[in-house]
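Results of the structural survey
So you can see what is in the structure, the chains are spelled out below.
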Amino acid sequence: MPLTPIAEGRTTFRGATLIDGVAATPVPDSEVVVRDGVVEYAGPRRALAADDAGRIVELSGTWLMPGFVDVHVHLAMVPAPPEQQRAWFPEEAVLEVAAQLRATLEAGVTTARDLDGLTPGYRLAVQNGTAIGPRLHLAIAMLSPTGGHADPFLPNGSLPAWAVRAGMPEPGLVDTDDDVVRTVRRLIRMGADAIKVSTSGGSGSPTDEPEDVGITEEQVRLICRLADERGRRPVTAHALTDAAARAAVLGGAGSIEHGYDLSDDTIQLMIDRGTVLVPTLSTLMREIGPQVAPERRRERERMRARGMDSVRRAIAAGVPVALGTDAGVVPHGANLRELARLVDAGLAPIRAIRAGTAVGADLLGIGDRVGSVVAGKMADLVVTDADPLASIERLGEPGAVRMVVQSGRVVIDHDRRSA
Ligand SMILES: [Zn+2]
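Per an unreviewed UniProt entry, the chain carries the name Amidohydrolase family protein and comes from Microbacterium allomyrinae.

Next up on the list: the overall build of the chain. If you tally the helices and strands in the chain, you get 12 helices and 18 strands. Relative to the 2.2 N^0.38 estimate, which gives 22 Å for 419 residues, the radius of gyration of the chain is 21 Å and therefore close to what a compact globule would have. A buried classification covers 55% of the 419 residues belonging to the chain. Relative to all contacts within the chain whose residues are 6 or more apart in sequence, the contacts with residues 24 or more apart total 69%. A total accessible area of about 17200 Å² is found for the chain, and carbon and sulfur atoms account for 51% of it. The distance from the centre of the 45 positive side-chain charges to the centre of the 55 negative ones in the chain is 2 Å.

This paragraph deals with the coordination of the zinc ion. Coordination of the zinc ion by the protein involves H72 (NE2), H74 (NE2) and D326 (OD), with metal-donor separations of 2.0 to 2.2 Å. If you list the donors of the zinc ion from N- to C-terminus, the spacing comes out as H-x1-H-x251-D. Of this pair, H72 sits in strand 7 (residues 68-73) while D326 sits in the loop between helix 9 (294-317) and helix 10 (337-344), and the two are 254 residues apart along the sequence. When its relative accessible area of 7% is taken as the criterion, D326 is described as buried.

With that settled, consider the domain arrangement of the chain. Domain boundaries assigned for the chain yield domain 1 (10-66 + 372-413) and domain 2 (68-335). For domain 1 versus domain 2, the separation of C-alpha centres amounts to 31 Å. Both faces combined, the contact of domain 1 with domain 2 buries some 960 Å², and carbon together with sulfur accounts for 59% of it. Its largest share of buried area at the contact with domain 2, domain 1 owes to D380, Q406 and I412, together 42% of the area lost on that side. For R135, the salt bridge identified is with D380, shortest N-O distance 2.6 Å. Applying the counting criterion to the domain 1 and domain 2 interface returns five residue pairs in polar contact (both at pLDDT 80 or more). Secondary structure elements with two or more residues in the side of domain 1 that touches domain 2: strand 6 (63-66), strand 17 (401-406) and strand 18 (409-413). If you tally residues by element for the side of domain 1 that touches domain 2, the top one is strand 17, at four residues. Within the side of domain 1 that touches domain 2, the residues separate by chemical class into nine nonpolar, two polar and one charged.

Take the layout of surface pockets next. Put simply, the second largest pocket is a space of about 460 Å³. Considering the residues around the second largest pocket, the lining is formed by 23 residues, among which D193, D228, R232, R233 and P234 are closest to the centre. Elements with a minimum of two residues in the lining of the second largest pocket: helix 5 (217-227) and helix 12 (358-364). The leading source of residues in the lining of the second largest pocket is helix 12, at three residues. Taken together, the residues of the lining of the second largest pocket sort by class into nine nonpolar, six polar and eight charged.

So, how was this worked out
- Residues numbered from 1 in each chain as written.
- Predicted model: local features only at pLDDT ≥ 70, side-chain atom pairs only at ≥ 80, totals over all residues.
- Heavy atoms only, no water.
- Helix = DSSP H or I, 4+ residues; strand = E, 2+ residues; numbered from the N terminus.
- Rg over C-alpha atoms; globule rule 2.2 N^0.38 Å.
- Buried < 20%, exposed > 50% of the residue type's maximum accessible area, 1.4 Å probe, protein only.
- Contact = heavy atoms within 4.5 Å.
- Areas by Shrake-Rupley, 256 points an atom, 1.4 Å probe, with all protein chains shown as cover.
- Lys, Arg positive; Asp, Glu negative; His and termini not counted.
- Charge placed at Lys NZ, Arg CZ, Asp CG, Glu CD.
- Donors = N, O, S within 2.8 Å, 3.2 Å for Na, K, Ca; no water.
- Domains from an automatic or database assignment.
- Buried area = accessible area lost by both parts, 1.4 Å probe.
- Salt bridge = Lys/Arg side-chain N within 4 Å of Asp/Glu carboxyl O.
- Polar contact = N/O pair within 3.5 Å; in protein donor to acceptor, adjacent residues only side chain to side chain.
- Nonpolar A, V, L, I, M, F, W, Y, C, P; charged D, E, K, R; others polar.
- 1 Å grid on protein atoms, 1.4 Å probe; cavity = no way out; pocket = protein on both sides within 12 Å on 5 of 7 lines; lining within 4 Å.
- Points joined across faces, edges and corners; volume = space filled by probe spheres on them.

Here is the structure:
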């Protein structure tokens with residue numbers, strides 16, 4: 001697993017209410033001891049021994065949680081108009097992405113999975129400590145047929161302004177099985193940690209509609225096999241329709257992104273196979289701006305109603321859910337707003353926190369190292385002054401996250417508690 005620089009020595013975080021990401025109830029007045037980047041003890045506060053060496057960080061009146069995992073972001077989608085981006089020097093584009101990495105970390109996300117658009121140089125920069133940001137897992141590019149959701153080309157063969165940016169990976173356009181094999185192996189050679197496919201069309205891509213067919217069930221099966229050739233890599237599928245979700249689940253994908261039209265049959269299939277749903281409700285439920293044409297607006301409202309109903313039924317039936325925001329489509333740095341959305345869709349607050357920590361880490365295949373505050377795991381911690389169980393919506397507000405620890409290193413400390 002890609003690491004981040006580790007804090008050496010021993011630090012004790014004392015007095016916070018601990019929500020560890022796995023237990024059903026919090027631990028009041030807790031103690032978390034971190035040694036060389038790894039949690040050594042997490043539980044009720046103990047009496048201080050005379051020889052207790054190391055730093056002590058007092059956290060009474062706060063809540064301590066695992067660092068969050070956002071399993072669906074697009075950090076290369078930055079908040080600047082495409083025309084402006086076309087005039088940028090390459091380094092302006094890179095530094096803009098670095099600013100979004102930092103904003104995401106500040107929001108409490110210590111691990112993020114980028115599902116299209118980010119190249120491995122960013123992952124290495126975070127790993128080496130050159131850039132501050134979430135530990136990154138990358139799909140690099142997304143796979144779809146020509147004319148599908150991954151295809152940026154306009155009918156006349158030119159690229160729209162948003163697709164002309166320095167450092168963008170090549171689009172993953174695949175039609176034949178040979179294309180699939182070559183593209184997946186190239187992505188793995190380049191350093192992909194996960195493979196993302198589009199089994200339906202999308203909205204926002206130039207020449208397809210959500211109802212269009214994407215990668216087929218047979219090709220998903222082939223991709224899953226290729227993804228396991230050299231180590232195991234999770235395969236996830238963008239799927240807006242029920243048929244697309246079914247193709248992905250039957251083909252063996254470990255998770256479904258969006259899933260706004262799931263039938264009860266497909267929901268049962270997901271439960272049987274343990275397929276995780278990443279509903280990206282932040283993006284589904286985002287404000288519809290006044291610039292959106294009335295017909296498009298009605299379409300969006302229909303998708304919202306159908307999508308929310310689909311996700312509610314999936315959650316009620318017991319489909320495992322992981323936190324993903326599709327940030328980039330919505331602003332970066334507000335990732336934890338998704339927690340309140342998940343609660344709206346039927347998860348209890350403590351289960352929403354688990355969706356954003358342990359479940360996400362397991363989905364990425366790193367659950368043995370991150371995603372909970374228990375002895376032996378890497379010390380990724382988030383401290384907030386808002387009670388997540390009483391008012392989970394506050395975690396998404398700017399400034400609610402006061403401290404972020406990554407691999408034992410205090411990377412954000414607004415109250416200078418660790419000074
Ligand atoms: Zn996305």
